[in-house]
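# Examination of the molecular architecture
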Amino acid sequence: MAEKREIVIPGQMLGEGKAFDGTYIDDGKVFSKYLGILKTRMNGFSVIPLAGVYRPRIGDKVIGIVQDIQVSGWTVDINAPWLAFMPLAEAVNEFVDIFKTDLSRYYDIGDIIYGRIQNVTKSMIVQISMKAPGCKKLREGVLVKITPSKVPRLIGKGGSMVNLIKEKTNTVIIIGQNGLVWIRGEKVSKAIEAVLTVDRESHITGLTEKISEMLGE
C-alpha cells in the first residue's frame, strides 16, 4: 500500500523556518495557507494546494481556447477567472490591415492555442503571446482539465511522469500551467485515464509505479 504524503490544513502550524509558497509567518512560526501537501525544506516549508483556480503569471505557458474575435486581436479562455487578450501584434508576424482582413483566417473561435502569458496587470488584465518558443495552434487532439496545482506532479521530476505516459500510450502531450492538457495520438483514452489518475492521486507516493503498471496492462 502506497504511503500518503502529509496533508495539512489552512492555519496549521508547520514549525519554525522560512515561509515558501503556500505558507505564511505569524509570531515567528510558519503556518499553512491551504489544504495541501506539505513539503519540508532544509530551512523552511512550502504547501502545494490540493485545489484552487489558476492565477496567471508572466512567463507561464498555457493552453487556451479562442472565445471571441475583436478588432485588433482575440479573447482567449485560459481556464482562469479572467479572460486573456491576444493582440494581433503578438499573434502574427506579418502586417495586417485590420479594416480589410478577416482575423479568423489566423485564429478562429474555438481554436486551441499554446501560448505564453506576456503581461498581467494589478487589475488582472491578462495578455497572451504566441511569440515564444514552442507556441503554436494545437490541431485535432483532445483537451483534459486537471487541477492547476497538480501540473508539476503530472510533469514529474525532469519530465519523468509525462514522458512515461507518452511512451506507454504513443501520444503527444502538451501541458499548460493553467491545468489544461492536450493529447493526441494512438492510445488517447489510456493517456486520459493516466492523466486523471495523477490529478486524483497526486498526494500518493509510489504513483509513478502505479501509472506504469496501469499502462502496461
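Placed above this text is the structure.
Figured I'd write up the structure that's included with this text. (Residues numbered from 1 in each chain as written. Predicted model: local features only at pLDDT ≥ 70, side-chain atom pairs only at ≥ 80, totals over all residues. Heavy atoms only, no water.)

## What about the packing of aromatic side chains?
- On inspection of all chains with the given rule, the structure shows 2 aromatic pairs.
- Ring centres 5.6 Å apart and planes at 20° place the aromatic pair Y24 and F31 in the stacked group.
- According to the relative accessible area criterion, Y24 is partly exposed, its value standing at 34%.
- With a centroid separation of 5.3 Å and 80° between ring planes, the pair formed by W74 and Y107 is classed as edge-to-face. Taken together, the positions of W74 in strand 9 (residues 73–77) and Y107 in the loop between strand 10 (84–87) and strand 11 (112–120) put the pair 33 residues apart, joining distant regions of the chain.
- With relative accessibility at 0%, the residue W74 sits in the buried group.
- The class for Y107 is buried, based on a relative accessible area of 9%. (Phe/Tyr/Trp six-rings, centres within 6.5 Å; stacked < 30°, edge-to-face > 60°. Buried < 20%, exposed > 50% of the residue type's maximum accessible area, 1.4 Å probe, protein only. Helix = DSSP H or I, 4+ residues; strand = E, 2+ residues; numbered from the N terminus.)

## Some thoughts on the pattern of salt bridges
- Tallied over the full model, the rule gives 7 salt bridges.
- Here R57 and D60 are joined by a salt bridge, their closest N and O atoms 3.8 Å apart.
- On the accessibility criterion, R57 (53% relative accessible area) is exposed.
- A salt bridge links K210 to E201, with the shortest nitrogen-to-oxygen separation between them at 2.6 Å.
- Accessibility expressed as a relative area gives 37% for K210, which makes it partly exposed.
- Through salt bridges with shared partners, one network takes in R200, E201 and K210. (Salt bridge = Lys/Arg side-chain N within 4 Å of Asp/Glu carboxyl O.)

## What to know about the sheet that holds strand 7 (residues 44–49)
- Across the sheet, 4 strands lie side by side as 1-6-7-3; this open sheet has mixed pairing. Both edges of this open sheet fall to strand 1 (7–8) and strand 3 (18–19), since each of them pairs with a single strand only.
- When strand 1 meets strand 6 (residues 36–40), the two strands line up antiparallel, connected through 2 bridges. Bridge pairing links V8 to G36 in strand 6. (Pairing = 2+ DSSP bridges.)

Purely geometric numbers; function is a separate question.
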